[in-house]
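# Structural characterization, general
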Amino acid sequence: MLNPTRESAAERVYGEVKELILTNGIAGGELISEGEIAQRCSVSRTPVREAFLRLEAEGWMRLYPKRGALVVPVGQSEACDVVDARLLLEGHAVRAVAARPGAADELVARLRENLDAHRAADADDIAEFARIDAEFHQLIAAAGDNRLLAAFFVSLGERHRRMTTLSVHRDATIATRILDDHADLVSAIADGDAAAYDAQLARHLAAVHDLREARS
């Protein structure tokens, strides 16, 4: 039988370290040690080791014996893959919404609420800004009324959030660009113009994530 105390400690460390990675609290390319995290989380090294193994299995870290754990940075290929998937899934959702009477009005109302919350968010709280950004796009994917595709989109949410956090850290003007682009995306949905949405989303993602050769 598993030791529940050790298990819960490993789960807590996993959650805390993963959140630090997603919010750039631990930057990509940084090497961290079990001892450092054990001290930070007030646990022994055993749950830290278990958490690191799980994070490595999910692709967030590479472990090097006696050296520590390297946080895997977001590479250009990964970023383009995430963007490709989002273009396909969101475009499909918007076309499905446009085909259902009344669906666009309901979605637009929810997106405008999200946009109001986004504008009101603390500009210095980049983690919260990135969370609301991810929520905006997840609302669109969920409105497509395809549970399998919506669930897959949610699975991209962590990578999406990390990429947005990195982009806003890189360039403070990106936050304003995101808000302006989101308003344009809402307008395209309100107009029932899926083609305009596709084109605007492609421009938005390429600019926000600095993917000058992003596939669309």
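Before going into details, it helps to say that this report is about the structure given with it. All of these numbers come straight from a predicted model, not from anything done at the bench.

### So, the overall build of the protein chain
The helix and strand tally for the protein chain stands at 10 helices and three strands. Taken from the N to the C terminus, the helices and strands of the protein chain come in the order α-β-α-α-β-β-α-α-α-α-α-α-α. Judged by the C-alpha coordinates and their principal axes, the protein chain covers about 55 × 40 × 30 Å. Residue burial in the protein chain is summarised as follows: out of 216 residues, 44% are buried. A separation threshold of at least 6 residues defines the contact pool for the protein chain, and within that pool the share at least 24 residues apart is 73%. Carbon and sulfur atoms form 51% of the exposed surface of the protein chain, whose accessible area is close to 11,200 Å². Side-chain charges in the protein chain split into 26 positive and 35 negative, and the spacing between the mean points of these groups amounts to 6 Å.

### As for the sheet that holds strand β1 (residues 31-32)
Read across the sheet, three strands follow the order β1-β3-β2 without closing on themselves; strand pairing throughout is antiparallel. Since the sheet does not close on itself, it has two edges, and those belong to β1 and β2 (61-64), each with one partner. With two bridges joining them, β1 and strand β3 (residues 68-71) adopt antiparallel strand pairing. Its bridge partner being in β3, leucine 31 is matched across the sheet by leucine 70.

### Observations concerning helix α2 (residues 34-41)
For α2, the complete set of buried residues consists of Gly35, Ile37, Ala38 and Cys41. Buried residues of α2 fall within an arc of 165 degrees about the axis and therefore sit on the same side. Just downstream of α2 lies serine 42, where phi reads positive at about 55 degrees.

Analysis parameters
- Residues numbered from 1 in each chain as written.
- Predicted model: local features only at pLDDT ≥ 70, side-chain atom pairs only at ≥ 80, totals over all residues.
- Heavy atoms only, no water.
- Helix = DSSP H or I, 4+ residues; strand = E, 2+ residues; numbered from the N terminus.
- Buried < 20%, exposed > 50% of the residue type's maximum accessible area, 1.4 Å probe, protein only.
- Contact = heavy atoms within 4.5 Å.
- Areas by Shrake-Rupley, 256 points an atom, 1.4 Å probe, with all protein chains shown as cover.
- Lys, Arg positive; Asp, Glu negative; His and termini not counted.
- Charge placed at Lys NZ, Arg CZ, Asp CG, Glu CD.
- Pairing = 2+ DSSP bridges.
- Arc of directions from axis to C-beta.

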